[in-house]
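# Coordinate analysis (summary)
Each chain is listed here by its residues.
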Amino acid sequence: MKYQAPWSRQLKWITALTSVILLGIPLLLLDKAPQAESRLYTVAILLPPAIFVLSALFAIRGYRIERTALLILRFGWHTRIPLQGLTSAEADPEAMHGSIRLFGNGGLFGFTGLYRNSKLGRYRAFATDSSRAVVLHFPERTLVVTPDRPAQFAAALQQKISA
């Protein structure tokens, strides 16, 4: 079963603004090129586009539920999450509210990485629209994903738990 990963308005704005900045910095620097180029200058020109490209490669395109795993679909590859030990899956549009990012990406092509809030504690997010959150509880970890049909996604995973 395959599910899309729609972008929230917030994600679209953050990605657009950050993209303009990351792609604009090299253009501004090239316009103000010093007489003698240095390594620092070269890094300053190459690093912002590299961040843009790497972030784009990690963008979440969708989710696929297989027999024993959940696949987080990316451009050209996927992240495999084994479903062994999954205890519950529930749609909760409030799950990510009040979250603090501990490590990861906070809005350039997605909200991914380690987060924390009072409701879930520490969790790993693979999200594009927090209002579509589905919380996956495992004995020693919690994951949040944001498929286009959260209730159907959670029900499909609950069926796997029951089987």
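Keep in mind it's a predicted model, so treat the numbers as computed, not measured. (Residues numbered from 1 in each chain as written. Predicted model: local features only at pLDDT ≥ 70, side-chain atom pairs only at ≥ 80, totals over all residues. Heavy atoms only, no water.)

## What to know about the overall build of the protein
For clarity, the threshold we go by: Secondary structure is summarised from DSSP: a helix means a run of H or I of at least four residues, a strand means a run of E of at least two, and numbering begins at the N terminus for each. Only protein chains enter the accessibility calculation, which uses a 1.4 Å probe; a residue is then buried when its area is under 20% of its type maximum, exposed when over 50%, and partly exposed in between. For this analysis, residues touch if any pair of their heavy atoms sits within 4.5 Å. Residue-level accessible areas treat just the shown protein chains as cover; the underlying method is Shrake-Rupley with a 1.4 Å probe. Here Asp and Glu are counted as negative and Lys and Arg as positive; His is not counted, and neither are the chain ends. The atom standing in for a charge is NZ when the residue is Lys, CZ when it is Arg, CG when it is Asp and CD when it is Glu.
Broken down by element type, the protein carries three helices and 10 strands. Within the protein, the fraction of its 163 residues that count as buried is 40%. A separation threshold of at least 6 residues defines the contact pool for the protein, and within that pool the share at least 24 residues apart is 51%. Roughly 9,500 Å² of accessible area belongs to the protein as shown, and the carbon and sulfur atoms make up 60% of that amount. Side-chain charges of the protein comprise 19 positive and 9 negative groups, with the mean position of each set lying 5 Å from the other.

## With respect to the sheet that holds strand S5 (residues 88–91)
As a reminder, the rule being used: The pairing criterion for strands is at least two bridges between them, as found by DSSP. Under this scheme, a helix contributes an axis fitted over its contacting stretch, all axes are lines through C-alpha atoms, and angles between N-to-C directions fall in the 0 to 180 degree range.
Taken together, six strands build an open sheet; the order of strands is S5-S9-S10-S8-S7-S6 and the sheet is mixed. Sheet topology places S5 and strand S6 (100–106) at the edges, where each strand pairs with a single neighbour. Strand-to-strand twist in this sheet, taken as the mean axis angle between neighbours without regard to direction, amounts to 20°. Two strands pair when backbone bridges link them, and S6 and strand S7 (residues 111–117) are joined in this way by six bridges, in the antiparallel orientation. Its bridge partner lying in S7, Phe-103 is registered against Leu-114. Along the sheet, helix H3 (residues 150–162) contacts S5, strand S9 (134–137) and strand S10 (142–145); its crossing angle with S5, the most-contacted strand, is approximately 165°.

## Brief notes about unusual backbone geometry
Positive phi is not limited to glycine here, since Phe-109 has a value of about 70°. Tracing the chain through its elements places Phe-109 in the loop between S6 and S7. Classification of Phe-109 by relative accessible area gives buried; the value is 13%.

## Let's talk about H3
Operational definition: Expected helix span is taken as 1.5 Å per residue step, with the number of steps being one fewer than the number of residues. Arc, as used here, means the arc of the directions from the helix axis to the C-beta atoms.
Helix length check: H3 (13 residues) gives 18 Å between terminal C-alpha atoms against 18 Å at 1.5 Å per residue, within 8%. Within the span of H3, buried status applies to Pro-150, Phe-153, Ala-154, Ala-156 and Leu-157. For H3, the buried positions fall inside an angular range of 160° around the axis, keeping them on one side. Counted as exposed and oriented over 90 degrees from the buried face of H3: Ala-151, Gln-159 and Ser-162. Residues of H3 that are buried make contact with strand S1 (2–4), strand S2 (62–65), strand S3 (69–73), S5, S9 and S10.

## Examining the pattern of salt bridges
Note the following rule: The term salt bridge refers to a side-chain nitrogen of Lys or Arg lying within 4 Å of a carboxyl oxygen of Asp or Glu.
With the rule as written, the count across this model stands at five salt bridges. Across the salt bridge formed by Glu-66 and Arg-64, the nearest N and O atoms sit 3.3 Å from each other. Across the pair Arg-80 and Glu-66 runs a salt bridge whose closest N-O atoms are separated by 3.6 Å. Taken together, the residues span a long stretch of sequence, with Arg-80 in strand S4 (residues 78–82) and Glu-66 in the loop between S2 and S3 at a distance of 14 residues. Here Glu-66 falls in the partly exposed class, since its relative accessible area comes to 27%.

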